[in-house]
Amino acid sequence: MSSLNSTLSLNTTFVRPPFFFISGLNNMPHAKYYYIFLCFVFVVTVLGNSFVMFIIYTERSFHTPKYMAILNLIIADLGESTAFIPNVIAMFLFDSQYISFDACLVNMYFVLLFACLQSLTLTVLAYDRLVAICLPLRYHAIITMQAMVVMLTLVWAYDSVLMILMVTFITRLSFCKSIVVQSCFCEHGPVYTLACNDNFINHVISRVHVALLLHLPFILTVISYVFIAGALSKIASSEGRFKAIKTCSAHLMLVALYYLPIMGTHIAGLTSTLHLNTRIMNLSIANSITPMMNPIIYVLNTEEIKEFSKKLFKRKKKKTATELNNQNKGTDLY
């Protein structure tokens, strides 16, 4: 490892290394089994999200603003998993831990773009639930298809511009000390801290990005649910309250699943020295398990999707039974 750190000359004024070395989990026994588990996670993520995407696309009753936002969340899930898991598997399961400088920046951009897109989309869905419960009579006037297209376009533009800014400022750094990235992918923090010239701007950008793409969406989501809780307290019947809470249950689970691992890692990192392997495990779980669980939660907790899924499987089962009967009749003729 020390030979990797001394690969680049300290006398060079500006160095853009030809590659980085992604360290991954250090001295962890049976680590390869974890990467095999990530293969399974990736397959389930692709199948689950593709299934929900198919349902939304084929069923006209799901062509609504709410499901457009859910579709955006699915795209974020698939994008993050595709940018993160295959690279991790290729690096650590097939011992290919070197990544070119340009490929590293591309990997950084797409993993963080789609990870933050989830956070922003969850905030849009929180606003959708806020209007649905607090202003039910005006819901269809406020949350229109045009309004949702505008919101999601702004979310994509906001996320993309901030990520381009972050990645662009990496290119002004000189890497003459080390090329070993202490993470499981080209994570922004572990990359910019390797620089031997002034990286204060990158540090500021990192903090601003966390505030704008993680803390702010979380605060807005919490504020939405404070207003929702206030509206629920005014509903007289317990049945009405339960019905309203049920419409938010899937979204609340997604918010908890997304923010708990990330916030936990951030708080642990600020309050104590977090072991590198623990940090990498938390990071990889946040980037892989959340996109896998999102479609499962929506199928199990959203009544419309659940009912459509049941009808779809019943229709398929009936079709299979009919085909078998026709085959049996054809066999009887002979």
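Time to look at the pattern of salt bridges. Under the counting rule described, the total for this entry stands at two salt bridges. A salt bridge links Asp128 to Arg129, with the nearest nitrogen and oxygen atoms 2.7 Å apart. Side by side, Asp128 and Arg129 carry an identical accessibility label, which is buried. For Glu187, the salt bridge is made with Arg279, and the minimal N-O distance between the two is 2.4 Å. Taken together, the residues span a long stretch of sequence, with Glu187 in the loop between strand E3 (180-181) and helix H7 (188-192) and Arg279 in helix H10 (residues 276-301) at a distance of 92 residues. Assessed through its relative accessible area of 23%, Arg279 is described here as partly exposed.

Further remarks concern the packing of aromatic side chains. On inspection of all chains with the given rule, the structure shows 15 aromatic pairs. Here Phe218 and Tyr259 contribute two aromatic rings whose centre-to-centre distance is 4.8 Å and whose plane-to-plane angle is 55 degrees, an arrangement assigned as tilted. Of this pair, Phe218 sits in helix H8 (residues 200-233) while Tyr259 is found in helix H9 (residues 238-271), placing the two residues 41 residues apart along the sequence. Owing to a relative accessible area of 29%, Phe218 belongs among the partly exposed residues under this scheme. Aromatic side chains Tyr258 and Tyr259 sit 4.9 Å apart centroid to centroid with 85 degrees between the ring planes, which places their arrangement in the edge-to-face category. As far as burial versus exposure is concerned, Tyr258 and Tyr259 are alike and both buried.

Criteria and cut-off values
Residue positions are given per chain, counting from 1 as you read along its sequence in written order. In keeping with the predicted nature of the model, local features appear solely for residues at pLDDT of at least 70, side-chain atom pairs appear and are counted solely at 80 or more, and the whole-chain, interface and lining totals rest on all residues. Only heavy atoms go into the side-chain values, all of them from the structure, while hydrogens and water stay out. When a carboxyl oxygen of Asp or Glu lies within 4 Å of a side-chain nitrogen of Lys or Arg, that pair is called a salt bridge. We call a residue buried when its accessible area falls under 20% of the maximum for its residue type, exposed when it is over 50%, and partly exposed in between, using a 1.4 Å probe and counting protein chains only. Helix numbering and strand numbering both begin at the N terminus, where a helix is a DSSP run of H or I of at least 4 residues and a strand a DSSP run of E of at least 2. Pairing of aromatic rings covers Phe, Tyr and Trp, the last counted by its six-membered ring, and requires centre-to-centre distances within 6.5 Å; plane angles under 30 degrees mean stacked, over 60 mean edge-to-face, and any other angle means tilted.

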